[in-house]
Amino acid sequence: MTGVPRTLADARAWAGTGTELLLDAVAGLDEDAFSEAGLLPDWTRKHLVAHVAANADALGNLVHWAATGEEKPMYASAEERAAGIAKGSALRADELRSWLAASAHELAAGLDGLTDEQWERQVVTAQGRTVPATELPWMRAREVCVHAVDLGTGVVTFADLPKGFLTALVAEIAAKRGLTELPDGPLPEVAAWLAGRPHTLAGAPALGAWL
């Protein structure tokens, strides 16, 4: 499953689709619904949305790095990252929606402004990987697409995500987990299983959460 091709244009399109799905999913949530648990352990939907909004801001730091050559890490520290999520989870629903939308639009605008040369500039992720800036849209696509499902509202499921995205996601997670054989089943269900999310595959062994 390794080596599934994905282009920069693909990743940017998937990031855009995932952002739209996420924004649509939170549009109708009131305070009570925002405060309910999503699919991720120990996190409410507010925690989840704050995480995704903060992720856009953090990726924006890497866009700045790529655009200017000035090193700017995603997060100053793991503690700062956690504190930002905790603070964001205490915001009102309308404030969270505004942060989510504004951070996503600012990130997209920053990516739009990169030149061919800047796209190839090396940056360092929060996990310490050195990657070209061309990886940033894929990193964002994973966040918005998978976490749109994690809201657990039923508005977005893995079946609603683009097929090309799911194919690339399955290839990446399978490679990282060292799996060479996958269970038979619909692509969205295989992707959900690999990501450690609820699925309908009979007999598939339990996997820990990914992302």
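Provided above is the structure to which this section pertains.
Draft legend 1. Up close: the nonpolar core. Judged by nonpolar contacts, the single largest core of 46 residues is most densely connected at Trp 138, Phe 158, Leu 161, Phe 165 and Leu 169. Elements that contribute at least two residues to this core include exactly helix H1 (8–27), helix H2 (31–34), helix H3 (45–68), helix H5 (93–112), helix H7 (136–150), helix H8 (163–177) and helix H9 (187–194). Among the nonpolar cores identified, the runner-up in size contains 18 residues, and Val 63, Ala 66, Tyr 75 and Met 139 belong to it.

Draft legend 2. View of the side chain of Thr 19. Mapped onto the secondary structure, Thr 19 falls in helix H1. When residues no more than four places from it in sequence are discounted, the contact partners of Thr 19 are Ala 104 and Val 144.

Draft legend 3. Spatial organisation of the pattern of salt bridges. What the rule picks out here adds up to nine salt bridges. A salt bridge links Arg 6 to Glu 135; its shortest N-O distance comes to 3.3 Å. One end of the pair, Arg 6, is in the segment before H1; the other, Glu 135, is in the loop between strand S2 (130–132) and H7, with 129 residues separating them in the sequence. We classify Arg 6 as partly exposed; its relative accessible area is 27%. On the accessibility criterion, Glu 135 (19% relative accessible area) is buried. Among the charged side chains, a salt-bridge network with shared partners connects Arg 92, Asp 94 and Glu 95.

Draft legend 4. Molecular detail of H9. The buried fraction of H9 amounts to six of the eight residues, a majority that puts the element mostly inside the structure. The set of residues buried in H9 consists of Pro 188, Val 190, Ala 191, Ala 192, Trp 193 and Leu 194. Following H9 by one or two positions, Gly 196 has its phi on the positive side, about 75°.

Rules behind the numbers
- Residues numbered from 1 in each chain as written.
- Predicted model: local features only at pLDDT ≥ 70, side-chain atom pairs only at ≥ 80, totals over all residues.
- Heavy atoms only, no water.
- Core = buried A, V, L, I, M, F, W, Y, C linked by side-chain atoms within 4.5 Å.
- Buried < 20%, exposed > 50% of the residue type's maximum accessible area, 1.4 Å probe, protein only.
- Helix = DSSP H or I, 4+ residues; strand = E, 2+ residues; numbered from the N terminus.
- Contact = heavy atoms within 4.5 Å.
- Salt bridge = Lys/Arg side-chain N within 4 Å of Asp/Glu carboxyl O.

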